[in-house]
Amino acid sequence: MKLGVVGLPNVGKSTLFNAITQAGAEAANYPFCTIEPNVGVVAVPDERLDKLAALYASKKVTPAVVEFVDIAGLVKGASRGEGLGNKFLSHIREVDAIVHVVRCFEDENVTHVENSVDPVRDIETIELELIFADIETVEKRMDRIRNAARGGSDKTAAAEFIFLEKLLKHLEQEQPASELPVGEEEKALLDALFLLSAKPVVYCANISERDMGKDERELPLVAAVGNYARAHGAEVIVICAKTEAELAEMDEADRALFLEEFGLKESGLSKLIRASYSLLGLISFLTAGEKETRAWTIVKGTKAPQAAGKIHTDFEKGFIRAEVVEWQTLLDCGGLAGAREKGKVRSEGKEYVMKDGDVVLFRFNV
């Protein structure tokens, strides 16, 4: 999973990136500090892995990973090349989803490109630039197939052109591609365009340290972001980038005490990854044993043979069955042998749809 961290300059984007990846991207109080995208690979926090690894005394533990890309701050006019716009937009095209950091705190020591703090305005500034860039993409595609579509002799091109006209009209009304109702065939056409405004979004409302632990209703700027996100079918999390940076430098025990002090159940990183998994419809199944305990990321709805193929293509080709047990049940039974004795291990065939937290042993023959 590849997530692009975006936002206007000086909203806390690179500070958050540093915190969650500990990759040391420069975070300075001036626009365009980030020019080339910084990339950090982060292990997905998963308590199930640690517990299963302890049960099996596993020599190796391999979590699922998320790749975060810190992309240059965007300004109004980026779609026309303002600031580092064109570079910024090309980097967004490569990610699976967008983590949009918005500033929800006042601080006279941190400048704002618009000279005032208004998170919804900031969100709309970036969304509009993505839409403008998408309009250009759609128009170029229309020009490319116009001759083939004209006259209707090429039915495929003609059908695509009709769809592109509908899409263009939608974008010109300043509506993101993600909000265009499409059928199955149209979705395939939409996906092939790799439009920026079609990407799923998680909004990160970046608050100050003094606002940590407060209810959303006490924070009007955060509430505004929440309302906007809900209206547009997006995920939203509240995070303090500065605090996350401090948490990243603590050991596990100190981190747990710190979170408890503020009444928080988990770190911002955990919240962000959970929200991203949900947004992209992802789950994890697990394999466990003495050699290795590992998490594997799949799309919700994946069937057992295709899940086996994530481990090795031979597993999918020669799939016979999957021996499946829910992870907590496996722990409670003291391992696979105990789970078998109690009749808790299920033998599933090719049509079995994998569930989050399934511990699986694939049987195959090649």
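Remember, predicted model here, so these are calculated numbers, not experimental data.

Draft legend 1. Expanded view of the nonpolar core. Membership of the largest hydrophobic core comes to 65 residues, with the highest contact counts inside it found for Phe68, Tyr203, Cys204 and Leu272. Those residues within four positions of Cys204 in sequence are excluded, and the remaining contacts are Leu16, Val99, His100, Val101, Val102, Ile237, Ile239 and Leu272. Counting 18 residues, the second-largest nonpolar core is a separate cluster that includes Ala157, Leu180, Leu190 and Leu195.

Draft legend 2. Broad picture of the packing of helix α4 (residues 119–149) against helix α7 (residues 220–231). Orientation of α4 relative to α7, taken along the N-to-C sense of each, is 40 degrees, at an axis distance of 8 Å. Between α4 and α7, the angle is such that the two are oblique. Judged by residue contacts, Pro119, Val120, Ile123, Glu124 and Glu127 of α4 engage Leu221, Ala224, Val225 and Tyr228 from α7. In terms of residue class, the contact of α4 with α7 is made up of seven nonpolar, no polar and two charged.

Draft legend 3. Spotlight on the pairing of strand β5 (residues 97–103). With seven of seven residues buried, β5 is to be regarded as a mostly interior element. Residues Ala97, Val99, Val101 and Arg103 of β5 are buried on one face, and the alternating residues Ile98, His100 and Val102, pointing to the opposite face, are buried as well. Here four bridges tie strand β1 (residues 2–6) to β5, and the two strands are oriented parallel to one another. Along β5, the bridge assignment pairs Leu3 with Ala97. As paired elements, β5 and strand β6 (residues 201–206) share six bridges and run parallel to each other. By the bridge assignment, His100 is partnered in β6 with Tyr203.

Draft legend 4. Examining the pattern of salt bridges more closely. The tally for this structure, following the rule as stated, stands at 20 salt bridges. We note a salt bridge from Asp356 to Arg48, for which the minimum N-O separation is 3.3 Å. Linking Asp356 in the loop between β11 (346–348) and β12 (358–364) with Arg48 in helix α2 (residues 47–56), this pair joins segments that are 308 residues apart in sequence. Between Arg146 and Asp143 there is a salt bridge; the shortest N-O distance is 2.9 Å. Here the residue Arg146 and the residue Asp143 both occupy positions in helix α4, the gap between them amounting to three residues, near one helical turn. On the accessibility criterion, Arg146 (32% relative accessible area) is partly exposed. Through salt bridges with shared partners, a single ionic network connects Arg321, Glu323, Arg340 and Arg363.

Draft legend 5. Quick peek at the layout of surface pockets. Considered as a void within the structure, the largest pocket measures approximately 1,200 Å³ in volume. Lining the largest pocket are 37 residues, with Val44, Pro45, Asp46, Ser267 and Ser270 positioned closest to its centre. Elements supplying a minimum of two residues to the lining of the largest pocket: α1 (13–21), β2 (38–43), α2, α8 (241–248), α9 (252–261), α10 (268–280) and β8 (282–287). Sorting elements by how many residues they give to the lining of the largest pocket places α10 first, with five residues. A per-class count over the lining of the largest pocket returns 20 nonpolar, five polar and 12 charged.

Draft legend 6. Structural detail: unusual backbone geometry. Backbone geometry at Ala57 places phi at a positive 50 degrees, although glycine is not the residue there. Inspection of the secondary structure puts Ala57 in the loop between α2 and β3 (60–62). The phi torsion at Glu174 lies on the positive side, around 60 degrees, for a residue other than glycine.

Draft legend 7. View of the sheet that holds β5. Sheet architecture is open: six strands sit in the order β2-β4-β1-β5-β6-β7, paired in mixed fashion. The open sheet terminates on both sides in strands that have one partner only, identified here as β2 and β7 (235–239). Neighbour-to-neighbour, the strand axes of this sheet turn through a mean angle of 25 degrees, independent of strand direction. Most of the contacts of α7 go to β7, to which it runs at about 165 degrees, and overall it touches β5, β6 and β7.

Reading the values: the criteria
Residues numbered from 1 in each chain as written. Predicted model: local features only at pLDDT ≥ 70, side-chain atom pairs only at ≥ 80, totals over all residues. Heavy atoms only, no water. Core = buried A, V, L, I, M, F, W, Y, C linked by side-chain atoms within 4.5 Å. Buried < 20%, exposed > 50% of the residue type's maximum accessible area, 1.4 Å probe, protein only. Contact = heavy atoms within 4.5 Å. Axes fitted to C-alpha atoms, helices over the stretch in contact; angles between N-to-C directions. Helix = DSSP H or I, 4+ residues; strand = E, 2+ residues; numbered from the N terminus. Parallel < 35°, antiparallel > 145°, perpendicular 65-115°, else oblique. Nonpolar A, V, L, I, M, F, W, Y, C, P; charged D, E, K, R; others polar. Pairing = 2+ DSSP bridges. Salt bridge = Lys/Arg side-chain N within 4 Å of Asp/Glu carboxyl O. 1 Å grid on protein atoms, 1.4 Å probe; cavity = no way out; pocket = protein on both sides within 12 Å on 5 of 7 lines; lining within 4 Å. Points joined across faces, edges and corners; volume = space filled by probe spheres on them.

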